[in-house]
Structures are given as structure tokens and as C-alpha cells.
Amino acid sequence: MELQTHLEEMAKSLGAFYFGVGDLSLTRGGPLTPYEKRLTSEYPLAISVGVPLSSETVDRMGDQEDIPALRNYWFHVYKMISPLIDHITSRLTLIIIREGYRALPIPCTQTLDTDNFRGLFSNKLAASLAGLGWIGKSCLLVTPDRGPRVRWGTILTDAPLHPGKPAGVRCGECMVCVEACPVGAFTGRNFEPSEPREMRMQAGRCNQFLRERGRNIGADACGMCVYICPFGKPRSRKG
């Protein structure tokens, strides 16, 4: 069986709804962190896998005064879905290694730079390169069918896989995520590959707000930008 087909079938059997491969050469000249630049020089491709969040859990984020719902959202995202994604990427990594290729799994929720919300490599960037969606004004990966209601995991690899093509940004003039942010963290600019994230988001505002939430209610949860996106609303889905 072709390796890519085997990996996709395994990922979906373990719980992933989305699978794709991105060409990391497309990031050259873009605003990567120094470490991301190092990684893209070592690995030509990125495998992206996505698991959707429970829409019922996300829909309760519309009421930001509902403390039990906020705590439940945090637990769902970070204690249920994120570990599942890390399990999937770990299993795929073992398959790739067994075939004699290199594979570096990127943890789903690991934050190395807590002030700027940055991990080892951007899972959202990998998913966008694979054509699974586009990066929206909220700096989240927006899928056509579930909007940003999906969590992502990544494996950097040199395995001989076939990359997809990035999708075009479809946010247009929509500003609902920008207007819904309780701390005004988003500038409203559409994603441009050549621009740094700081042109679209002031991560420090979001980080401070979530830290305060954590101290006050025991959960670093907000989820408004996930909840409000029109692409993620149940009525917008097609199957």
C-alpha cells in the first residue's frame, strides 16, 4: 500500500477527520521564527491531521458568563482532543520511521514562547499549506465545512509524499471574529504569507486575558473567535 494512503487511513481510523500534506518550500521568504526556518531547511514536507471539536461544546461559548461551560470547553480542548491528536501523530510517526524516513511530530498544544503563543512549528500554517483550510483574521485555521472548530497536529518529514495546494483566503470583508474578541486582539487584516502574525494579532492581549481567566475561574478559556466564525456554524455545514 502506498505510504501516504496508509498514513491517511491510519489517521482517520484513530479519529482524525482531516489529513493532508504541505510543501514547506512554500514558506521560504515568509515570516517564520528562526527555529521554524531551521526546521523547514531540514524537512521538505509537513503532514497535517485535524480533529473537530464538539459543536455543542463550542456553541456554549456564546455566553461568556457561563463559567461551567468555559471550564468544560477548556477540558474538552486540552484534555480530550489535544491528547488524541498527539496520539495520532505519534502513531503516524512510528509508521514513517519504520519505513526508513525521518519524522518529527509537533505537539498539538505545546507553547514554548508563552508571551507570543508560539510552539515549535505552527500547526495552523502546516494545515494551510496542505490545503485543508486558510488562516483567517483570527489567526486560526478556517476549514470550509467546520470553520475554526478543529484542532491540528503536525509531523515534519522527508518521506516521499504528495503535497496538496494551499487554499485561498475566503474571509473577504467579514469582521465578526475581530468584533467579537473581548480584548480587541485582532487587527482585521486578511492573511498574507509575507506578513508576520503581528500584523493581524496582538498575541499579548489574548495571553493576558486568558491568564486572568485562569486565575479567576480555573480555566484559560474564551473561544469566542472559534464560536463566532460563520464557517463553523452548524447551518453552514454541508454534511
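Look up a bit, the structure's there.
Not measured: the values here are computed from a predicted model. (Residues numbered from 1 in each chain as written. Predicted model: local features only at pLDDT ≥ 70, side-chain atom pairs only at ≥ 80, totals over all residues. Heavy atoms only, no water.)

## Let's talk about the pairing of strand β2 (residues 45-52)
Here comes step 1: The buried count for β2 comes to eight of eight residues, which makes it a mostly enclosed element.
Here comes step 2: By the alternation rule, side chains of β2 split into Leu45, Ile47, Val49 and Val51 and Ala46, Ser48, Gly50 and Pro52, which are all buried.
Here comes step 3: For strand β1 (residues 18-23) and β2, the ladder comprises six bridges, and the chain directions are antiparallel. In the strand pairing of β2, Gly20 is matched with Ser48.
Here comes step 4: Where β2 meets strand β6 (residues 150-157), eight bridges bridge the pair, whose relative direction is antiparallel. What sits directly across from Ile47, in β6, is Ile155. (Buried < 20%, exposed > 50% of the residue type's maximum accessible area, 1.4 Å probe, protein only. Helix = DSSP H or I, 4+ residues; strand = E, 2+ residues; numbered from the N terminus. Pairing = 2+ DSSP bridges.)

## Some thoughts on the sheet that holds β2
Here comes step 1: Reading across from one edge, β1-β2-β6-β3 is the order of the four strands in this open sheet, with antiparallel pairing throughout. Edge strands, defined here as strands with exactly one partner in the open sheet, are β1 and β3 (103-106). Pairs of neighbouring strands in the sheet enclose a mean axial angle of 25°, with direction left out of account.
Here comes step 2: Relative to β6, β3 runs antiparallel, the two sharing four bridges. Residue pairing for β6: Pro105 is matched across the bridge by Ile155.
Here comes step 3: The strands that helix α1 (residues 3-13) touches are β1 and β2; relative to β1, the one it contacts most, it runs at about 140°.
Here comes step 4: Strands in contact with helix α4 (residues 67-98) are β1, β2, β3 and β6; relative to β6, the strand with the most contacts, it is inclined by about 25°. (Axes fitted to C-alpha atoms, helices over the stretch in contact; angles between N-to-C directions. Contact = heavy atoms within 4.5 Å.)

## Section: the packing of aromatic side chains
Any aromatic ring pair is given by two values, namely how distant the centres are and how the planes are angled relative to each other.
Here comes step 1: In the structure shown here, the tally under the stated rule is three aromatic pairs.
Here comes step 2: Ring centres 5.9 Å apart and planes at 40° place the aromatic pair Trp74 and Tyr78 in the tilted group. Taken as a pair, Trp74 and Tyr78 lie in helix α4 at a separation of four residues, close to a single helical turn. (Phe/Tyr/Trp six-rings, centres within 6.5 Å; stacked < 30°, edge-to-face > 60°.)

## Considering the pattern of salt bridges
Here comes step 1: Tallied over the full model, the rule gives six salt bridges.
Here comes step 2: Two residues, Arg38 and Glu42, come together in a salt bridge whose shortest N-O distance is 3.2 Å. One end of the pair, Arg38, and the other, Glu42, are both in helix α2 (residues 34-42), four residues apart, so they sit about a helical turn from each other.
Here comes step 3: Taking relative accessible area as the criterion, Glu42 reaches 30% and is therefore assigned partly exposed.
Here comes step 4: Residues joined by salt bridges that share partners form a network here, namely Arg38, Glu42 and Arg102. (Salt bridge = Lys/Arg side-chain N within 4 Å of Asp/Glu carboxyl O.)

## So, the side chain of Thr143
Here comes step 1: Mapped onto the fold, Thr143 is located in the loop between β5 (141-142) and β6.
Here comes step 2: Accessibility expressed as a relative area gives 0% for Thr143, which makes it buried.
Here comes step 3: At a separation of 3.2 Å, a polar atom in the side chain of Thr143 contacts the side chain of Asp145.
Here comes step 4: Apart from the residues lying within four places of it in its own chain, the contact partners of Thr143 are Tyr18, Leu132, Gly133, Trp134, Pro148, Val150, Trp152 and Phe231. (Polar contact = N/O pair within 3.5 Å; in protein donor to acceptor, adjacent residues only side chain to side chain.)

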